[in-house]
Amino acid sequence: MIKIVFGLQKGGVGKTTTTISTGASLTRQGKRVLLVDGDPQANLTTSCLVDAGSTTYSTYDLFKNNRLKVEDTIVSTEWGFDLIPSSIVLASAEVELVSAFQREQVLAEKFQDLEKLGYDYVLIDSPPSLGLLTINALAASDWVVMPVQCQLLSIMGLQAFIDVVELVQKINRPLRISGVLLTMYDGRTAISREVEQNVREILGDLVFNSRIGTSTALSSIPKRGPIQFWEPRHPASQQYDAFTEELVTRVHS
Ligand SMILES: Nc1ncnc2c1ncn2[C@@H]1O[C@H](COP(=O)(O)OP(=O)(O)O)[C@@H](O)[C@H]1O
Ligand SMILES: [Mg+2]
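Because the structure is a prediction, the values reported are computed rather than measured. (Residues numbered from 1 in each chain as written. Chains lettered and ligands numbered in written order. Predicted model: local features only at pLDDT ≥ 70, side-chain atom pairs only at ≥ 80, totals over all residues.)

Peer 1: Any chance you could explain the site of ligand 1 here in plain terms?
Peer 2: Around ligand 1, the surrounding shell holds 16 residues, and the nearest of these are Gly14, Lys15, Thr16, Thr17 and Ser219. Listing elements by their share of the shell around ligand 1, those giving two or more residues are α1 (15-28) and β7 (176-185). (Near = placed C-beta within 6 Å. Helix = DSSP H or I, 4+ residues; strand = E, 2+ residues; numbered from the N terminus.)

So this is what it looks like as structure tokens:
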């Protein structure tokens, strides 16, 4: 079982879209996949067409209820992958965790019981912050993917995130950066080409060869679910399939 977190403290860079699309690609390859919504905004939950707040348990309960078992929080989705849903109440965990015992490792501790459930991949979506929810997601993972939006000069935020990954490695040694994924790339614009050149120059091989282009189809995911299931030949589907292939190679090397 390989656990991968999609993270960056900036919002709107494609974390959630990448989490669900990677999950969909892996599922279509016959892998057993669990998605974990670690963001109070619950966009991943909504994108799985699960009504946030309607489930018996959510990631919040996982953080707060010592006796709750991780398997009891899992719901199935219509596409074959499973989900631990989130809801807005998770926002208060960020504050409540401050006084918790081993507050950085609450999720990692709960995830120990996942091993026996037979998943090949656990994909964790994280909130746009460097707070305790993100740190818990990093501490519970083997690999991290950082999506970078090609429409802004966003390289600065990357170093701050990498610094936090290095701090978390002190309590979670296996954690490694699998790479940076360029998202919302539009080759017609100078800014996209500039961001790509800049990021590749600075980070070299850490940047995935695959890029995700700008595509309005991806913004339909919260209404229609993962694009690979309704338009598998769409360029965005194929780009995410190619990224997933590259990711799988990296995390198995
Ligand atoms: N490649 C893309 N092209 C166009 N829109 C995208 C793309 N990726 C994501 N989006 C849209 O941009 C917004 C932010 O993406 P999201 O995945 O929610 O980012 P994050 O989770 O980092 O906040 C969403 O409305 C999403 O549908
Ligand atoms: Mg998100």
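Peer 1: Would you mind showing me how to read unusual backbone geometry here?
Peer 2: Residues other than glycine predominantly adopt negative phi, and peptide bonds predominantly adopt the trans conformation. For Ala42, which is not glycine, the phi torsion reads 55° and is therefore positive. For Ala42, a count of 25 C-beta atoms within 10 Å translates into the label buried. One non-glycine residue, Leu49, adopts positive backbone phi at about 55°. Along the polypeptide, Leu49 turns up in the loop between α2 (43-47) and α3 (59-64). Assessed through the 15 C-beta atoms surrounding it within 10 Å, Leu49 is described here as partly exposed. (Buried ≥ 20, exposed ≤ 12 C-beta atoms within 10 Å, placed from the backbone.)

Peer 1: Please clarify how the nonpolar core should be interpreted in this entry.
Peer 2: Side chains of nonpolar character tend, in soluble globular proteins, to be buried together. Judged by nonpolar contacts, the single largest core of 62 residues is most densely connected at Leu35, Leu123, Ile124, Leu138 and Ile212. Ranked by residue count, the leading element in this core is helix α6 (residues 132-139), at six residues. Discounting residues that sit within four places of it in the chain, Leu35 has contacts with Thr19, Ile20, Gly23, Leu44, Cys48, Phe81, Leu83 and Leu123. (Core = buried A, V, L, I, M, F, W, Y, C linked by C-beta atoms within 7 Å. Contact = placed C-beta atoms within 7 Å.)

Peer 1: Honestly, α6 in this entry has me stumped. Any pointers?
Peer 2: Structurally, the α-helix is built with 3.6 residues per turn, so residues lying three or four positions apart point the same way. Within α6, eight of the eight residues are buried, which leaves the element mostly enclosed by the surrounding structure. Those residues of α6 that fall on the buried side of the exposure criterion are Leu132, Leu133, Thr134, Ile135, Asn136, Ala137, Leu138 and Ala139. Considering only its buried residues, α6 is in contact with β1 (2-6), α4 (90-96), α5 (106-111), β5 (121-125), β6 (143-149) and α7 (155-168).

Peer 1: It is not clear to me how helix α8 (residues 190-203) should be interpreted in this structure. Could you clarify?
Peer 2: Its 14 residues give α8 an end-to-end C-alpha distance of 20 Å, which sits within 8% of 20 Å, the value for a rise of 1.5 Å per residue. Phi for Gly204, located one or two positions after α8, is positive at around 55°. (Expected span 1.5 Å × (residues − 1).)

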